[in-house]
Structure formats: C-alpha cells, structure tokens
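# Report on the structure
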Amino acid sequence: MLDANEFLEFLKSRRDVRRYDFLDKPIEGDKLQMILKAAISAPSVGYSQPWKFVIIEDENIKNEIYKNFEVENEKAKKIFAKSELYKNLKLEGIKESPLNIAVLYEESDEAVLGMTSMKNMGEYSVVCAVQNMWLMARTLGIALGWVSILDEEKLLESIKADKKDKLIAYLCLGYVERFKDEPELKTLNWRDEKSLDECVRYIR
Ligand SMILES: Cc1cc2nc3c(=O)[nH]c(=O)nc-3n(C[C@H](O)[C@H](O)[C@H](O)COP(=O)(O)O)c2cc1C
C-alpha cells in the first residue's frame, strides 16, 4: 500500500514545465505507453472513456501550432498589458519538447449514464485522464507542460481531428535536468498559494 504522506509529497512534486530546460532526449516508447495506459485508467462518466490522444512529433506541425500560440499570446499580452511579468513568462514548450500530445474529447452519439443532467461531465472525464498522465510522467521523471493559449479550431485543423472532437489539453513532454520545488507562478509572485482554509467550507 502507498504511504499517504509519501503520496502527498509526490503529488506536491508534480510541476508544470515549459521553460527552456527540456533536454534533447527522446521519450522512450515504453515510457510513452505507460503514460497513455495511465491516461486510460482514469475514471469516466458512465464508463464512457471519451478520450483520444494524438501524439505529435512532426516539426512542421509543431511549428504551425507554435505560430497558433504566438498569435493567441499576443492577444493575451494586451489583456495583461499592465504586467511587466506576463510579457516575460514562458508559457509553452511546444518546439523544445520532443513530444506533444493533444488530448481530445469525443462526444458520444448515444445518451451517457451520468451525463443526462450535467453535460460537461464527458470533458471533465478527459481532464481526469490528463491528470493521470501528468502524475505518471512525473513518476517516470518526465516533465509535462499544459498549453492552453491556443485557438482551438485552428489547433484541431492542424492535427486533422475529426469534426466532433474537442480539444481538452495540449501537452508538451520531455526530460528535464530537475523539477522545481514550487510552482513557477508562485515563485514569481504572480499568485499567492491558497491555504486549505480558504478553499474549504464545512456544512455540519
Ligand atoms: C487547465 C490548465 C491549463 C494550463 N495552461 C497553461 C498554459 O497555457 N501555459 C502555462 O505556462 N501553464 C499552463 N498551466 C500550468 C499552470 O500555470 C500551473 O499548473 C500552475 O501555475 C501551478 O504550477 P504547477 O503545475 O507547477 O504546480 C495550465 C494548467 C492547467 C491545469
């Protein structure tokens, strides 16, 4: 059995990585398989397993997706115009990481148990798969960065997704020298860490 304290320490050691520190080292096939197996071990509403994974190594496609990011990030820079910090943040590792994975949600044609009232549960299931990937990657010493500053429609076109697919996550994976101890946005004082008390309310 896992020790709960050790497990919590492990969870805290997971990091979003997107700095320039991806090493020029490919991810082995068996490790990628482990990450994907972790993904499909996630819970899903009505056991619908509505996930799809597109593995992207092609430099041309990566460049196209990087351009998509650049356009969207220019818009974001305007929104955060007052912040000197935002301009200097590194918010993706599309080209530097050896492997990108687009995680997609495939809507079911049939009614799904558990989704009859709350329509977003399929998408939330895919997010559970992403978290499993993140944790398995961390176990294998592989860094993962989630990029969401992207035009979804353009991205889906770039990867030739099916019409019905929705983008849930765009992930950049690779080896790094070391994992930082704290979230970068915390270290840079972009946001403070919330205490447990700030997040929890009891109804007794
Ligand atoms: C749904 C989601 C989208 C995210 N999108 C981005 C992104 O576009 N760019 C980025 O640099 N980090 C992104 N992140 C990473 C967060 O900034 C990061 O998880 C947070 O700052 C906490 O740091 P940690 O993951 O290292 O603990 C995203 C994280 C999540 C969960």
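Every value quoted in this text rests on a predicted model; they were computed, and no experiment measured them.

A separate point is the pairing of strand E3 (residues 142-147). In terms of burial, E3 is a largely internal element, five of the six residues being buried. Pairing of E3 with strand E4 (residues 165-175), which is carried by six bridges, proceeds in the antiparallel orientation. Across the sheet, Ile-142 pairs through a bridge with Tyr-175, a residue of E4.

Looking now at the side chain of Arg-18. Relative to the assigned elements, Arg-18 resides in the loop between helix H1 (4-13) and helix H2 (29-39). A polar side-chain atom of Arg-18 sits 2.7 Å from a polar atom in the side chain of Asp-16. Among the polar contacts made by the side chain of Arg-18, one reaches the main-chain carbonyl oxygen of Lys-90 at a distance of 3.1 Å. Ignoring anything within four residues of it in the chain, the contact list for Arg-18 reads Lys-90, Leu-91, Glu-92, Gly-93, Glu-184 and Leu-185.

Within the largest apolar cluster, 28 residues are counted, with the highest numbers of intra-cluster contacts made by Ile-27, Ile-101, Val-103, Met-133, Ile-142, Leu-171 and Leu-173. Of all the secondary structure elements, the ones that give two or more residues to this core are H2, strand E2 (99-106), helix H5 (121-139), E3 and E4. Here this core takes seven residues from H5, the largest share from any one element. Ignoring any residue separated from it by four or fewer positions in sequence, one finds Leu-173 in contact with Phe-22, Ile-27, Ile-35, Ser-97, Pro-98, Leu-99, Ile-101, Ala-137, Ile-142, Ala-143 and Leu-144. Of all hydrophobic cores here, the second largest spans 20 residues; its members include Ala-76, Leu-89, Leu-155 and Leu-167.

Bringing unusual backbone geometry into the picture now. A positive phi angle is found at Gln-49, which is not glycine, with a value near 45°. Relative to the helices and strands, Gln-49 resides in the loop between H2 and strand E1 (51-56). One non-glycine residue, Lys-160, lies in positive phi territory at about 50°. Structurally, the position occupied by Lys-160 is in the loop between helix H6 (152-158) and E4.

With that settled, consider the sheet that holds E4. Read from one edge of the open sheet, four strands run E1-E2-E4-E3, paired in antiparallel fashion. The strands lining the two open edges of the sheet, one partner per strand, are E1 and E3. The average angle at which neighbouring strand axes cross in this sheet is 25°, direction not considered. Bridging between E2 and E4 involves eight bridges; their strand directions are antiparallel.

What follows covers empty space enclosed by the protein. One pass over the structure, following the stated rule, counts one cavity of 30 Å³ or more. Here the largest cavity is characterised by a volume of approximately 30 Å³. Surrounding the largest cavity, Asp-16, Val-17, Arg-18, Leu-91, Glu-92, Gly-93, Gly-145, Trp-146, Val-147 and Cys-172 form its lining. The element that contributes the greatest number of residues to the lining of the largest cavity is E3, accounting for three residues. When its residues are assigned to classes, the lining of the largest cavity shows five nonpolar, two polar and three charged.

What follows is about the packing of H1 against H5. Where H1 meets H5, the closest approach of the two axes is 10 Å, and the angle between their N-to-C directions is 100°. Considering the angle they form, H1 stands roughly perpendicular to H5. Seen from H1, the contacting residues are Phe-10, Leu-11 and Ser-13; seen from H5, they are Leu-135, Arg-138 and Thr-139.

Criteria and cut-off values
- Along each chain, the written sequence defines residue order, and numbers are assigned to residues from 1.
- In keeping with the model being predicted, local features are shown solely for residues with a pLDDT of at least 70 and side-chain atom pairs are shown and tallied solely at 80 or more, while totals for entire chains, interfaces and linings include all residues.
- Hydrogens and waters are ignored; side-chain quantities use all the structure's heavy atoms.
- Between buried and exposed lies partly exposed: a residue is buried under 20% and exposed over 50% of the maximum accessible area for its type, with that area taken using a 1.4 Å probe on protein chains only.
- Secondary structure elements are taken from DSSP: a helix is a run of H or I of four residues or more, a strand is a run of E of two residues or more, and numbering for both begins at the N terminus.
- At least two DSSP bridges between two strands are required for those strands to pair.
- A 3.5 Å cut-off defines polar contacts: any pair of N or O atoms within that distance qualifies, except that in protein one atom must be a possible hydrogen donor and the other a possible acceptor, and neighbouring residues in sequence count only when both atoms are side-chain atoms.
- Throughout, a contact is declared for two residues whenever any of their heavy atoms are within 4.5 Å.
- What we call a nonpolar core is a set of buried Ala, Val, Leu, Ile, Met, Phe, Trp, Tyr and Cys residues that are connected through their side-chain atoms within 4.5 Å.
- An axis is simply a line fitted to the C-alpha atoms; with a helix, the fit covers only the stretch in contact. Between two such axes, the angle follows the N-to-C directions and lies from 0 to 180 degrees.
- Grid points spaced at 1 Å over the protein atoms alone were grouped into cavities, where a 1.4 Å probe fits but cannot get out, and pockets, open sets with protein on both sides within 12 Å along at least five of seven lines, with lining residues defined by an atom within 4 Å of a point.
- Grid points are joined across faces, edges and corners, and a volume is the space filled by probe spheres set on the points.
- Note on residue categories: nonpolar means Ala, Val, Leu, Ile, Met, Phe, Trp, Tyr, Cys or Pro, charged means Asp, Glu, Lys or Arg, and polar means any other residue, Gly included.
- By the definition adopted for this analysis, an angle is roughly parallel if under 35 degrees, roughly antiparallel if over 145, roughly perpendicular if from 65 to 115, and oblique otherwise.

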